[in-house]
Amino acid sequence: MSARIIDGKAVAKSVREDVAAGVAALEKDHGFTPGLAVVLVGEDPASQVYVRNKGIATREAGMRSIEHKLPADTSQDEVIALVRRLNGDDEVDGILVQLPLPGHIDANVVINEIDPDKDVDGLTEVNAGRLVLGKDALVPCTPQGSILLIKTVMEDMSGANAVVLGRSILVGKPLASLLLAENCTVTTAHSRTKDLEEVCRGADILCAAVGRPEMVKGDWIKPGAVVIDVGINRVDAPEKGEGKSRLVGDVDYDAASAVAGAITPVPGGVGPMTIACLLKNTLTAAKRRRGL
Ligand code: GUN
């Protein structure tokens, strides 16, 4: 058996086109263009790439991109002052503070300064609380994108056993809440989970978000399961030449795709959905702020 490949790039493209159409309609009918502010502190190379790509995608969707790049030694108070300024700026509909922040800054404190109505990352306590309570929330982008991908292969998740590997605030916890909202029976597994392999074998939907290259093996997967690989890990690839690397997920893709019913590749699976959902959240925030 060979798994159906879930094409995250294609789904993300369609989400981005929908957002662009929504932006164009806002301009036509209401005369305004949503704006997304992204704050980057320091020179983390991966974060620089993410922020650049977010800016490009924002403009491609027809929205305004406002980028604030601050030096690594910016104080926590200065970052908070910027967030407060953006909260009060009517031209800004969404605010994203790129993580990780430098070690001297408490990310929790900074994130919770963001106006929850502009919190397009869905990471403030208000939005996290709303999500858990099943209320209208701005939902974190990667878990939201993961759910959209599952829906392309599984119309009704009701009653399915879903296992989420990982309990991060960015992915694992919100993803578990979203799966519960889809009426799945949800297990959150993590580094202390006993009989992890056996837990995974019970999953109709297995979502891996642990950041460990190819940790999930083929024989951990229930035949026919939907496998969502959130991991993006760079590993050495000496076979490609000296000093070369390649990207792998948290799942051993070749082995898993021989067993699973459907699987997301890395790259080209969950990754592209994150930015697409960020744009979607920015459009949602812009409309809600204006009562539309
Ligand atoms: N760093 C890696 N992923 C993310 C994300 O989704 N949001 C933010 N703010 N920072 C990140």
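Residues numbered from 1 in each chain as written. Predicted model: local features only at pLDDT ≥ 70, side-chain atom pairs only at ≥ 80, totals over all residues. Heavy atoms only, no water.

### Here we look at the packing of aromatic side chains
We describe a pair of aromatic rings using the distance from one ring centre to the other and the angle between the two ring planes.
1) Next: In the structure shown here, the tally under the stated rule is 0 aromatic pairs.
2) Next: Lying across the ring of Phe32, Arg290 places its NZ or CZ 3.7 Å from the centre. (Phe/Tyr/Trp six-rings, centres within 6.5 Å; stacked < 30°, edge-to-face > 60°. Lys NZ or Arg CZ within 6 Å of the ring centre and 35° of its normal.)

### A closer look at the UniProt feature "binding site: NADP(+)" (unreviewed entry) in the protein
1) Next: When the UniProt feature table is mapped onto this chain, "binding site: NADP(+)" (unreviewed entry) is found at Gly166, Arg167, Ser168 and Ile232.
2) Next: Tracing the sequence through the fold places Arg167 in the loop between strand 5 (161–165) and helix 7 (172–181).
3) Next: In this view, Arg167 contacts Gly172, Lys173, Thr188, His190, Ser191 and Arg192; residues no more than four positions away in its chain are not counted.
4) Next: Side-chain polar atoms of Arg167 contact the side chain of His190, separated by 3.4 Å. (UniProt positions renumbered as here; feature names shortened; annotations may be inferred. Helix = DSSP H or I, 4+ residues; strand = E, 2+ residues; numbered from the N terminus. Contact = heavy atoms within 4.5 Å. Polar contact = N/O pair within 3.5 Å; in protein donor to acceptor, adjacent residues only side chain to side chain.)

### Focus on the pattern of salt bridges
Pairing between side chains of opposite charge can happen when the charged atoms of each approach one another.
1) Next: Scanning the entire structure with this criterion turns up 16 salt bridges.
2) Next: Here Glu17 and Lys13 are joined by a salt bridge, their closest N and O atoms 3.1 Å apart. Here Glu17 pairs with Lys13, and both are found in helix 1 (residues 8–30), just 4 residues apart, close to one helical turn.
3) Next: A salt bridge links Glu239 to Arg246; the shortest N-O distance between them is 3.4 Å.
4) Next: A network of salt bridges, in which partner residues are shared, links Asp90, Asp93, Arg289 and Arg290. (Salt bridge = Lys/Arg side-chain N within 4 Å of Asp/Glu carboxyl O.)

### Some points on the site of the ligand
1) Next: Every residue lining the ligand is accounted for by Leu96, Val97, Gln98, Leu99, Asp121 and Leu170.
2) Next: Within the backbone of Val97, a nitrogen or oxygen atom sits 2.8 Å from a nitrogen atom of the ligand.
3) Next: Measuring from a nitrogen atom of the ligand, one finds a backbone N or O atom of Leu99 at 2.9 Å.
4) Next: For the shell around the ligand, a count of residues per class yields 4 nonpolar, 1 polar and 1 charged. (Near = heavy atom within 4 Å. Nonpolar A, V, L, I, M, F, W, Y, C, P; charged D, E, K, R; others polar.)

### Points about helix 6 (residues 141–153)
1) Next: In a regular helix each residue adds 1.5 Å, so 13 residues correspond to 18 Å; helix 6 covers 19 Å between its end C-alpha atoms and thus fits that length.
2) Next: Among the residues of helix 6, those classed as buried are Cys141, Thr142, Pro143, Gln144, Gly145, Ser146, Ile147, Leu149 and Ile150.
3) Next: Packed against the buried residues of helix 6 are helix 1, helix 7, strand 7 (205–208), strand 8 (226–229) and helix 10 (271–289). (Expected span 1.5 Å × (residues − 1). Buried < 20%, exposed > 50% of the residue type's maximum accessible area, 1.4 Å probe, protein only.)

### Some words on a negative patch on the surface
1) Next: Negative charge collects at one region of the surface, where Glu43, Asp73, Asp77 and Glu78 lie side by side.
2) Next: Checked against the element boundaries, Glu43 lands in the loop between strand 2 (35–41) and helix 2 (45–60). (Patch = residues over 30% accessible without salt bridge, like charges linked within 9 Å, V, L, I, M, F, W, Y side chains within 5 Å. Areas by Shrake-Rupley, 256 points an atom, 1.4 Å probe, with all protein chains shown as cover. Lys, Arg positive; Asp, Glu negative; His and termini not counted. Charge placed at Lys NZ, Arg CZ, Asp CG, Glu CD.)

### Side note on the side chain of Thr264
1) Next: Along the polypeptide, Thr264 turns up in the loop between strand 11 (262–263) and helix 10.
2) Next: Thr264 sits in the buried class, given a relative accessible area of 0%.
3) Next: A distance of 2.8 Å separates a polar side-chain atom of Thr264 from the backbone nitrogen of Asp229.
4) Next: If we skip the residues at most four places from it in the chain, Thr264 touches Ile6, Leu149, Val227, Ile228, Asp229, Tyr253, Gly269 and Val270.

### Re the packing of helix 1 against helix 10
1) Next: Packing of helix 1 against helix 10 leaves a shortest axis separation of 8 Å and a crossing angle of 20 degrees. Comparing the axis directions of helix 1 and helix 10 gives the class roughly parallel. Between helix 1 and helix 10 lies a crossing of left-handed hand. Side by side, helix 1 and helix 10 meet where Gly8, Lys9, Val11, Ala12, Val15, Arg16, Val19, Gly22, Val23 and Leu26 of the first sit next to Pro272, Met273, Ala276, Leu279, Lys280, Leu283 and Lys287 of the second. (Axes fitted to C-alpha atoms, helices over the stretch in contact; angles between N-to-C directions. Parallel < 35°, antiparallel > 145°, perpendicular 65-115°, else oblique. Left-handed = near helix turned anticlockwise from the far one by under 90°.)

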